[in-house]
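These are the residues of each chain, in order.
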Amino acid sequence: MRKVDLCLSSEGAEVILATSSDEKHPPENIIDGNPETFWTTTGMFPQEFIVCFHKRVRIERLVIRSYYVRTLKIEKSTSKEPVDFEPWIERDLVHTEGELQNEEIMAHDDHATYLRFIITSAFDHFAAIYSISAEGIAVSDLS
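Predicted model, so just to flag it, every value in this text is computed and none were measured.

Asker: For the overall build of the protein chain, give the residues involved together with the corresponding values.
Answerer: Looking only at helices and strands, the protein chain features zero helices and eight strands. For the protein chain, whose C-alpha radius of gyration is 14 Å, the value lies close to the compact-globule estimate of 15 Å for 143 residues. If one aligns the C-alpha atoms of the protein chain with their principal axes, the spans along those axes are about 40 × 30 × 30 Å. Looking at the 143 residues of the protein chain, the share that counts as buried comes to 47%. Of the contacts made within the protein chain by residues no fewer than 6 positions apart, 78% connect residues no fewer than 24 positions apart. Counting every atom, the protein chain has about 7400 Å² of accessible surface; 47% of that belongs to carbon and sulfur. Separation between the mean location of the 14 positive side-chain charges and that of the 25 negative ones in the protein chain comes to 5 Å.

Set out below in structure tokens:
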């Protein structure tokens, strides 16, 4: 089995929930593979989005490209539905004035069917997620 970026829409990933949406910067931009597009929050925190893989996956490494995100929590679920999330990763990101934040997380072969990303605070009134990359492999279908 080959490792792929599991968080791409071309690999079957889908953003099934986002707490804010701007028609110029919709949540689908997070997984479209285009480095120029992004999802933006619309003020007030926390803000969150959920990525569905439509299969059980094993994640080895996450890379989050963002702007103005201060604190990010990531929860995972291995259920067939987006329920029973458990805390997984929490990070305080470094403020990078004028540059994208590039946070790499080694995931130690953790399994998931859904990931919930919660931006609990930001360095400004708005924050943006340019992409989420999850390197790993599909383990099984959700049958």
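So much for the structure itself; the text now carries on.
Asker: Would you mind going over the nonpolar core in detail, with residue names and values included?
Answerer: Of all hydrophobic cores here, the largest spans 33 residues; its most connected members are Ile59, Leu62 and Ile74. Contributing elements (two or more residues each) for this core: β4 (47-67), β5 (69-77), β6 (86-92), β7 (101-122) and β8 (128-141).

Asker: Describe the pairing of β8, and please don't skip the residues or the numbers.
Answerer: With two bridges connecting them, strand β1 (residues 4-5) and β8 associate as antiparallel partners. Each residue of the ladder has a partner; that of Val4, found in β8, is Gly136. Bridging between strand β3 (residues 39-40) and β8 involves two bridges; their strand directions are antiparallel. For Thr40, the partnering residue across the bridge sits in β8 and is Ala128.

Asker: If you had to explain the environment of Tyr68 to someone new, which residues and values would you point to?
Answerer: Note on placement: Tyr68 falls in the loop between β4 and β5. Taking the C-alpha atoms as reference points, Tyr68 and Val94, 26 residues apart in sequence, are found 8.8 Å from one another. With residues up to four places along the chain from it excluded, the contact list for Tyr68 reads His95, Glu97, Gln101, Ala122, Phe123, Asp124, Phe126 and Ala127.

Asker: Could you give me a rundown of the pattern of salt bridges, with the residues and numbers involved?
Answerer: The final tally for this structure, using the stated rule, is nine salt bridges. Its salt-bridge partner being Lys76, residue Asp110 comes within 3.6 Å of it at the nearest N-O pair. A residue pair is termed long-range when its members are at least 10 positions apart, and Asp110 in strand β7 and Lys76 in strand β5 qualify at 34 residues. When its relative accessible area of 22% is taken as the criterion, Asp110 is described as partly exposed. For Lys76, a relative accessible area of 10% corresponds to the buried category. A network of salt bridges, in which partner residues are shared, links Lys3, Arg58 and Glu60.

Each value, and the rule that gives it
In this numbering scheme, every chain counts its residues from 1 along its sequence in written order. This being a predicted model, a pLDDT of at least 70 is required before a residue's local features are given, and a value of 80 or more before pairs of side-chain atoms are given or counted; all residues contribute to the totals for chains, interfaces and linings. Heavy atoms throughout the structure, all of them, feed into the side-chain values; hydrogens and water do not. To qualify as a helix, a DSSP run of H or I must reach at least 4 residues; to qualify as a strand, a run of E must reach at least 2; elements of each kind are numbered from the N terminus. Atoms counted for the radius of gyration: C-alpha only. Globule rule: 2.2 Å times residue count to the power 0.38. Burial classes follow relative accessibility: with a 1.4 Å probe on protein chains only, a residue under 20% of its type's maximum area counts as buried, one over 50% as exposed, and anything between as partly exposed. When checking whether two residues touch, look at their non-hydrogen atoms; a contact exists if any pair is within 4.5 Å. Each accessible area value is a Shrake-Rupley result obtained with a 1.4 Å probe; residue values ignore everything except the protein chains displayed when judging cover. Working convention for charge: Lys and Arg count positive, Asp and Glu count negative, and His plus the chain ends are omitted. Think of each charge as sitting on NZ of Lys, CZ of Arg, CG of Asp or CD of Glu. By nonpolar core we mean a set of buried residues, namely Ala, Val, Leu, Ile, Met, Phe, Trp, Tyr and Cys, connected to one another through side-chain atoms within 4.5 Å. Two strands are said to pair when DSSP picks up at least two bridges between them. For this analysis, a salt bridge means a side-chain nitrogen from Lys or Arg found within 4 Å of a carboxyl oxygen belonging to Asp or Glu.

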